[in-house]
Amino acid sequence: MTEGKRVLLVGGGVGIAPMLLLAKSLYKKGNEITVLIGGRSVADIIEPDLYEPYGIVGITTDDGSAGIKGLVTQHPAFEKISDYSMVYSCGPDPMMKAVTGIAKSHDIACEVSLENLMACGIGACLCCVAETTTGNRTTCVDGPVFDVKDLIGW
Ligand code: FES
C-alpha cells in the first residue's frame, strides 16, 4: 500500500463506500488524501463527513444540488492531478474510465474496484469476467480491485 504520498480517492454514488476503509488505511500510513465524491444529486452523496478526519473532501453533483456542479472529473483536484502519486476509484464504469484516462495520461498509477455484475460470487459462473493482460479474470475472486495497467480496454 502507498505510504507517505499524495493520494486521490474518487468514488461515484455507492462506489464511495469502500473508500472509507481505504482512506483510513492510507491515512494511518502517512498519506495525504483527497477524497472526491460524485453523484447525480445530493441524494447520491453518502455521509461525506465520515471522510473528513482523513483528508480533504470534495463533492460534485450533476445537478449542482451539492458541491460543485458537474462531473467528478471536473473537480479542480483534477487540474492538479500531477500532484498525486496514486489514484483509486470505485463507481460506474464510465466514471472510472474517465478517471483512469486522466491518471494514465499523466502516468499516475491507478487502481479501480470493478462493479461487474456478479451472480455466484465464487468464480463458477464467469458472468463477472474482466479481460486482463494475463487473460480473463473473475471480478468476484480475482478482484474486485485491479490495477488499470492490467485491464484491457481501460
Ligand atoms: S460472480 Fe460468478 S464467477 Fe464471479
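J.: Tell me about the overall build of the protein chain, and name the residues and values.
T.: When you go through the protein chain residue by residue, the secondary structure sums to 2 helices and 9 strands. Ordered by position in the sequence, the α and β elements of the protein chain form the string β-α-β-β-β-β-α-β-β-β-β. Rg of the C-alpha trace for the protein chain: 15 Å, near the compact-globule value of 15 Å for 154 residues, within the 12% margin. Along the first, second and third principal axes, the C-alpha set of the protein chain runs to 40 × 35 × 30 Å. In the protein chain, which comprises 154 residues, the share counted as buried stands at 44%. For the protein chain, the proportion of contacts with a sequence separation of at least 24, taken over those separated by at least 6, is 49%. When the accessible surface of the protein chain is split by element, carbon and sulfur atoms take 54% of a total near 7,800 Å².

J.: Give me the lowdown on the environment of Ala130, citing residues and values where you can.
T.: Looking at where Ala130 falls in the secondary structure, it is placed in strand E7 (residues 129-132). Residue class for Ala130 comes out buried when judged on its relative accessible area of 7%. Every residue in contact with Ala130, bar those within four places of it in the chain, is listed here: Leu114, Asn116, Gly135, Asn136, Arg137, Thr139 and Leu151.

J.: Describe the domain arrangement of the protein chain, naming the residues involved and giving the relevant values.
T.: For the protein chain, the assigned domains read domain 1 (6-113) and domain 2 (116-146). Of note, the centres of domain 1 and domain 2, computed from C-alpha atoms alone, are 24 Å apart.

J.: Which residues make up the sheet that holds strand E6 (residues 109-113), and what values do they have?
T.: Strand order across the open sheet formed by 7 strands is E4-E3-E2-E1-E5-E6-E9, with mixed pairing between neighbours. At either margin of the open sheet sits one strand with a lone partner, and together these are strand E4 (68-69) and strand E9 (145-147). The pairing of strand E1 (residues 6-12) with strand E5 (residues 86-90) spans 5 bridges and is classified as parallel. Looking across to E5, one finds that Leu8 is bridged to Val87. The strands touched by helix H1 (residues 19-28) are E1, strand E2 (32-39) and E5; relative to E1, the strand with the most contacts, the crossing angle is about 170 degrees. Running at roughly 170 degrees to E5, helix H2 (residues 93-105) makes contact with E1, E5 and E6 of the sheet.

J.: Pulling in residues and values, what's your account of the packing of aromatic side chains?
T.: On inspection of all chains with the given rule, the structure shows 1 aromatic pair. Arranged with centres 5.5 Å apart and planes meeting at 70 degrees, the rings of Tyr27 and Tyr54 form a pair that is edge-to-face. Pair noted here: Tyr27 is in helix H1 and Tyr54 is in the loop between E2 and strand E3 (55-61), with a separation of 27 residues, a long-range link. Its relative accessible area of 18% is what places Tyr54 among the buried residues. One cation-aromatic arrangement involves Arg6 over Tyr84; the distance from NZ or CZ to the ring centre is 4.9 Å. Taking the ring centre of Trp154 as reference, the NZ or CZ of Lys97 above it sits at 5.0 Å.

J.: An account of the side chain of Asp44 is requested, with residue identities and associated values reported.
T.: Mapped onto the elements of the fold, Asp44 is located in the loop between E2 and E3. Assessed through its relative accessible area of 18%, Asp44 is described here as buried. Residues within four places of Asp44 in sequence aside, it is in contact with Gly13 and Gly39.

Calculation rules
- Residues numbered from 1 in each chain as written.
- Predicted model: local features only at pLDDT ≥ 70, side-chain atom pairs only at ≥ 80, totals over all residues.
- Heavy atoms only, no water.
- Helix = DSSP H or I, 4+ residues; strand = E, 2+ residues; numbered from the N terminus.
- Rg over C-alpha atoms; globule rule 2.2 N^0.38 Å.
- Buried < 20%, exposed > 50% of the residue type's maximum accessible area, 1.4 Å probe, protein only.
- Contact = heavy atoms within 4.5 Å.
- Areas by Shrake-Rupley, 256 points an atom, 1.4 Å probe, with all protein chains shown as cover.
- Domains from an automatic or database assignment.
- Pairing = 2+ DSSP bridges.
- Axes fitted to C-alpha atoms, helices over the stretch in contact; angles between N-to-C directions.
- Phe/Tyr/Trp six-rings, centres within 6.5 Å; stacked < 30°, edge-to-face > 60°.
- Lys NZ or Arg CZ within 6 Å of the ring centre and 35° of its normal.

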